[in-house]
Amino acid sequence: MLTRLLSGDTPRSGLLTVLLLIVLVSLAFAPFLFPGTRSLETAARICIFIVLVASYDLLLGYAGIVSFAHTMFFGIGAYGTALALSATGPSYGSLIWGTVAGAVAAAVFALAIGLFSLRVKAIFFAMVTLAVASAFAVLVSQMSWLTGGEDGLNYRIPRALTPAFKLFDEKILGVRINGKLLAYYLVFFVSVILFLAMLRIVNSPFGRTLKAVRDNAFRAEAIGYRVVWYRTTATVLSAVMAALAGSLLAIWLRYTGPATTLSMEIMIDILLMVVIGGMGTLYGAVLGATLFILAQTYLQTLMGVAADATSAVPLFSTLVAPERWLLWLGVLFILSVYFFPSGIVGRLRAGRV
Amino acid sequence: MAKEHPILETRDLTIRFGGHVAVDGVSASFERGSLTAIVGPNGAGKTTYFNLISGQLSATSGAVLLNGEAITRLSVPERTDRGIGRAFQLTNLFPTLSVRENVRLVAQAKARKGFDLFSVAESHVELLERADHVLAEVRLIDKAEQTVAALPHGDQRKLEVALLIALGSQVLMFDEPTAGMSVDEVPVILDLIRKLKSDMDRTILLVEHKMDVIRSLADRIIVLHNGALVADGAPAEVIALPVVQEAYLGKTPDASANSGEAA
Ligand SMILES: Nc1ncnc2c1ncn2[C@@H]1O[C@H](COP(=O)(O)OP(=O)(O)OP(=O)(O)O)[C@@H](O)[C@H]1O
Ligand SMILES: [Mg+2]
């Protein structure tokens, strides 16, 4: 049953299983295990980024396609939901049509880019996605009458998903069951479903064919696979998944703007998360996204504590000053790539821990 | 049963690379169930001729016909679908995947299941069985779990042949299948090729340098030289031709070839 749910793709390493279970349990019970707004924000971000990074790995790790337009699709989903909620009010109806419209728009865009550029060399596709994504970001910030420009959009979501809504009067396990918590579980369960759907896709005959195309497109054609169709379909699927992750973010934040969805910084973060976790395995997305976001969120705090504690040691305390957190994140990244060239999951599986 | 068309035919097939004519007006037809050896010195255009038939290269002029229908403008996978299969002179596999997965992918392509997104690949037991059956035939079953990149060269050559056997197309083209294989493996592969022809009625084109192999397998020999077809006929006849003796066998005179009557 469990193996079926995982599409036969079990972690195949004891330590990896343990790590994944820790992530799963922590996210599933986050509101109770780690009370507080900040930790709930972090948990929701992790859920959303697991989906986003997994959808990118579908393209990069499985199909071997380098795209720089992933945040564009993420943004299309977020803006779809955001615009619908702004335009037709905070109802579930707007939420659903906005999300569907975002996903469809992402699919159409991806199809067009794919058919236009995947016939040619892989580097051409990468360049086209870079150009299209940059143009899209400029367009979004220019069309401020629609998108709110750089300021983005603030909007209301269905009341049952907001902190103002209380399900019960009493607290349960010391936590108030309010709309924010319901919104978290919406994010959590949708993320789990999307992740399992992607796990199925990569283990399906289609997913196996993608790996063949990645390995040797020339031979894949010679045994009868139409490589362009496979690459294009992978691009579309990955774009739709990214758009759905974007919709989740739009619902969770009740705000959508260029900085939270479209920025090149997020694109780079996604790339780093895929590489740290391990390309070509969706479990890599889970570990990559979790570790990266935890580091991004708490490294600064942790370093503040360390700097205070070591204020007597002159050189060391400057090194761990909170402003240097980005430097340390860089160091962590270089170390992880150096020691785990095939990512954390690749390392764990090879080690047969 | 319309028997009017040969299964495969090339008409005036030509390809030019800049000023160099690599295949020069080659016309030949191949009967169903025949095994034709294609010989010629290095650079004669044998591999290029294959590339034109299976579609990796497009002809400058001329036509390729399958069952009387022109397929000259079709893409590689379209030609594969219609029944043209091809193994490569330079091993051309899926290096990071397992040996079994390489063959399974061929079986999956043949069953047209590549676009199935919703089932688990491993649940298609018949594809795995088909893969294992072929691997047993080429004696690679013990290495089914290994990654292709880690395989010795000889085993990669066997897998190259295995992929084409798994494809089992109407027309099968082997480009020096036994080159680089250890001596005791060669007869296994040759037996398999013979079986494809006699038991399965496949049409086979075989590029091969070893004369003993050609003699034991081929019904017919085609000789290419500088891209042009210079001889075409039964093995004994062709081997005895002076042009062949000069152009191809000149360096390695073959005593038994002289017993051929035709000239
Ligand atoms: N893509 C290409 N571009 C330019 N020239 C090519 C190309 N492919 C083949 N040639 C040339 O065409 C000629 C025929 O090459 P081909 O590989 O068909 O020979 P071959 O008969 O298979 O030789 P061998 O026995 O060495 O395999 C050679 O001179 C080669 O350099
Ligand atoms: Mg050749």
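Bear in mind that the values here come from a model prediction, so they are computed numbers and not experimental data. (Residues numbered from 1 in each chain as written. Chains lettered and ligands numbered in written order. Predicted model: local features only at pLDDT ≥ 70, side-chain atom pairs only at ≥ 80, totals over all residues. Heavy atoms only, no water.)

A word on the site of ligand 1
Residue and element names in this part refer to chain B. Close to ligand 1 lie 14 residues; Gly-43, Lys-46, Thr-47, Thr-48 and Gln-89 are nearest. Between ligand 1 and the protein, one listed contact pairs an oxygen atom with a side-chain N or O atom of Lys-46 at 2.8 Å. Here Thr-47 contributes a side-chain N or O atom positioned 2.7 Å from an oxygen atom of ligand 1. With the chains in place, 62% of the 640 Å² that ligand 1 exposes on its own is no longer accessible. For the shell around ligand 1, the element with the highest residue contribution is helix H1 (residues 46-54), accounting for three residues. Classifying every residue of the shell around ligand 1 gives four nonpolar, eight polar and two charged. (Near = heavy atom within 4 Å. Polar contact = N/O pair within 3.5 Å; in protein donor to acceptor, adjacent residues only side chain to side chain. Areas by Shrake-Rupley, 256 points an atom, 1.4 Å probe, with all protein chains shown as cover. Helix = DSSP H or I, 4+ residues; strand = E, 2+ residues; numbered from the N terminus. Nonpolar A, V, L, I, M, F, W, Y, C, P; charged D, E, K, R; others polar.)

Re the coordination of the magnesium ion (ligand 2)
Residue and element names in this part refer to chain B. Within the protein, the atoms that donate to the magnesium ion (ligand 2) are Thr-47 (OG1) and Gln-89 (OE1), at distances of 1.9 to 2.1 Å. With Thr-47 in helix H1 and Gln-89 in the loop between strand E6 (84-86) and helix H3 (99-110), this residue pair connects regions lying 42 residues apart in the sequence. Owing to a relative accessible area of 33%, Gln-89 belongs among the partly exposed residues under this scheme. (Donors = N, O, S within 2.8 Å, 3.2 Å for Na, K, Ca; no water. Buried < 20%, exposed > 50% of the residue type's maximum accessible area, 1.4 Å probe, protein only.)

Quick notes on the layout of surface pockets
When its volume is computed, the largest pocket comes out at roughly 1,200 Å³. Along the wall of the largest pocket there are 34 residues; nearest its centre are Arg12(A), Lys211(A), Arg349(A), Thr96(B) and Leu97(B). Mapped onto the lining of the largest pocket, the elements with two or more residues apiece are helix H9 (179-203), helix H10 (205-215), helix H15 (282-309) and helix H18 (343-351) of chain A together with H3 of chain B. Of the residues belonging to the lining of the largest pocket, the class tally is eleven nonpolar, twelve polar and eleven charged. A volume near 560 Å³ is recorded for the second largest pocket. Lining the second largest pocket are 20 residues, with Leu6(A), Leu20(A), Leu24(A), Phe195(A) and Leu196(A) sitting closest to its centre. (1 Å grid on protein atoms, 1.4 Å probe; cavity = no way out; pocket = protein on both sides within 12 Å on 5 of 7 lines; lining within 4 Å. Points joined across faces, edges and corners; volume = space filled by probe spheres on them.)

Regarding the domain arrangement of chain B
All names here are of chain B. The domain architecture assigned to chain B consists of domain 1 (1-83 + 170-263) and domain 2 (95-168). Computed from C-alpha coordinates alone, the two centres of domain 1 and domain 2 are separated by 26 Å. Across the interface of domain 1 and domain 2, roughly 1,300 Å² is buried in total on both sides, 65% from carbon and sulfur atoms. Taken together, the connections running from domain 1 to domain 2 amount to two salt bridges. Arg-112 is paired through a salt bridge with Asp-81; the nearest N and O atoms lie 3.5 Å apart. The interface formed by domain 1 and domain 2 contains five residue pairs in polar contact (both at pLDDT 80 or more). Contributing elements (two or more residues each) for the side of domain 1 that touches domain 2: helix H2 (76-82), strand E7 (171-175) and helix H6 (186-198). Take the side of domain 1 that touches domain 2: its biggest share by element is five residues, from H6. (Domains from an automatic or database assignment. Buried area = accessible area lost by both parts, 1.4 Å probe. Salt bridge = Lys/Arg side-chain N within 4 Å of Asp/Glu carboxyl O.)

Topic: the interface of chain B and chain A
Contact residues are listed per partner, giving 35 residues for chain B and 27 residues for chain A. Roughly 2,700 Å² is buried in total at the junction of chain B and chain A, and carbon and sulfur atoms are behind 59% of that figure. Three residues stand out in chain B for area buried against chain A, namely Phe94(B), Phe115(B) and Leu117(B), and they jointly supply 24% of the buried area on that side. Along the contact surface separating chain B from chain A lie four salt bridges. A salt bridge links Arg208(A) to Glu122(B), with the shortest nitrogen-to-oxygen separation between them at 2.5 Å. Counting the contacts that link chain B with chain A gives 20 residue pairs in polar contact (both at pLDDT 80 or more). Mapped by element, the contributors of at least two residues to the side of chain B that touches chain A are H2, H3 and helix H5 (153-167) of chain B. By residue number, the principal contributor to the side of chain B that touches chain A is H3(B), which donates six residues. (Contact = heavy atoms within 4.5 Å.)

With respect to the packing of H9(A) against H15(A)
Residues and elements named next belong to chain A. Running from N to C, H9 and H15 point in directions that differ by 145°, and their axes come no closer than 10 Å. Facing H9, whose interface residues are Phe-195, Met-198, Leu-199 and Val-202, H15 presents Leu-282, Tyr-283 and Val-286. Tallied by class, the residues present in the contact of H9 with H15 amount to seven nonpolar, no polar and no charged. (Axes fitted to C-alpha atoms, helices over the stretch in contact; angles between N-to-C directions.)

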